[in-house]
Amino acid sequence: MTRLSVLDLVPVREGQTIAQAMAATTDLARAAEAAGCTRFWVAEHHAMAGIAGGATSVVLAHIGNATSTIRIGSGGIMLPNHTPFVIAEQFGTLDALFPGRVDLGLGRAPGAGPELQRALRKDLNAASQYFPQDVAELQALFSGEPELPVNATPGLGANIEMWMLGSSLFGAQLAAKLGLPYAFASHFAPDHLDAALELYRRDFQPSAALAQPYVMPAMTVFCADTEEEAQLIASSQAQAFVNLRTGTPGKLPPPIKDYRGTLPAPARAMLAHMDQAAAIGTPDQVAEKIAAFVARTGADEIIMSGATFEPEARARSVALTVAACREAVPA
């Protein structure tokens, strides 16, 4: 079957501490490994009460220690927030701790207002313009080619699987030029998915890392025994998304029955737009939707997003989805 992986933001639920959020993410990683998922990624976000994955490499170290076979990685590291040298050291350390298991997904979006830019001591808009050069420098820090004036230790010689992330055509162009695998954030930005994948495959240049194109679009996935239960557990993330887009972000709220039915038409339309890359329902329904998405995109792998208020519901959703897709989704 098509490979399945998990994207987690280390969600902080209402009434929950950050320590509990970390524990829930660790349990989810173990469940994803037990279900047979290929990789478990954590995304870098800052200054958000409902997301605790800001120190991404630290979180990954804990997850790596709690698991044994699943790949661990960033989905992604926002490179404009950092220097390539520091990221080489961090992920070189992860590779030394968990050899052959570490992915480094890189994103260009600064994603920060003036206050956060000051806190990070970075002009992120300017830094994002140097993103291609910073990616090339990071590759050199790992490979030693070309030789740089200073080596990263750990870092030099690390066996890191680098990925390019994107939600527009820019990332597709850069991934194709550098011969890197490409992950697309279709779970929250589906509009340019088809054009980006077409461009990436058309312009792909084989590299030492990758002989042919490899794509992993993201889907929002909620799977449960009944469609009603799946819609219910999905309502927490739907609320969080609406809250974010309407300027009132916060912790992940508890589910609300028939949440979409309570919303005004613009908010319902916004969620329906995101459903282009969503699979919500019973195992058979979810497998059918994932199979259709794979047929549409030619995806080599799907990475599943979708936070639930009850952590156990997310772990069960992952297990049900993988089991259902073994039969329904082609390799």
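Scroll up for the structure.
All values reported here derive from a predicted model rather than from experimental measurement.

Draft legend 1. Local environment of the nonpolar core. Membership of the largest hydrophobic core comes to 81 residues, with the highest contact counts inside it found for Phe 91 and Leu 104. In terms of residues, this core owes the most to one element, strand β7 (residues 215-223), which gives six residues. With residues up to four places along the chain from it excluded, the contact list for Leu 104 reads Ser 74, Ile 77, Ile 87, Phe 91, Leu 138, Phe 142, Ile 160, Glu 161, Met 162 and Trp 163. Membership of the second largest hydrophobic core comes to eight residues, among which are Ala 238, Phe 241, Tyr 259 and Leu 263.

Draft legend 2. Structural detail: the pattern of salt bridges. Scanning the model with the defined rule gives eleven salt bridges in all. Across the pair Asp 8 and Arg 314 runs a salt bridge, and its minimum N-O distance is 3.2 Å. Taken together, the residues Asp 8 in strand β1 (residues 3-8) and Arg 314 in helix α12 (residues 311-328) connect sequence positions 306 residues apart. A single burial state applies to Asp 8 and to Arg 314, both of which are buried. One connected set of salt bridges, linked through shared partners, spans Arg 39, Arg 71, Asp 103, Glu 161 and Glu 301.

Draft legend 3. Inspection of α12 at higher detail. Spanning 18 residues, α12 covers 26 Å between terminal C-alpha atoms, matching the ideal 26 Å at 1.5 Å per step. Within α12, the full set of buried residues consists of Ala 313, Arg 314, Ser 317, Val 318, Leu 320, Thr 321, Val 322, Ala 324 and Cys 325.

Draft legend 4. Examining the environment of Gly 64 more closely. Position of Gly 64 among the secondary structure elements: in helix α2 (residues 56-66). Remark: the alpha-carbon pair of Gly 64 and Arg 30, spanning 34 residues in sequence, is separated by 9.7 Å. Among residues more than four places away in sequence, those in contact with Gly 64 are Ile 72, Phe 98 and Arg 101.

Draft legend 5. Focus on α2. When α2 is considered as a whole, its buried residues turn out to be Thr 56, Ser 57, Val 59, Leu 60, Ile 63 and Gly 64. Buried residues along α2 cover an arc of 155° about the axis, so they all sit on one side. Facing away from the buried side of α2 by more than 90 degrees, the exposed set consists of Val 58 and Asn 65.

About the thresholds
- Residues numbered from 1 in each chain as written.
- Predicted model: local features only at pLDDT ≥ 70, side-chain atom pairs only at ≥ 80, totals over all residues.
- Heavy atoms only, no water.
- Core = buried A, V, L, I, M, F, W, Y, C linked by side-chain atoms within 4.5 Å.
- Buried < 20%, exposed > 50% of the residue type's maximum accessible area, 1.4 Å probe, protein only.
- Helix = DSSP H or I, 4+ residues; strand = E, 2+ residues; numbered from the N terminus.
- Contact = heavy atoms within 4.5 Å.
- Salt bridge = Lys/Arg side-chain N within 4 Å of Asp/Glu carboxyl O.
- Expected span 1.5 Å × (residues − 1).
- Arc of directions from axis to C-beta.

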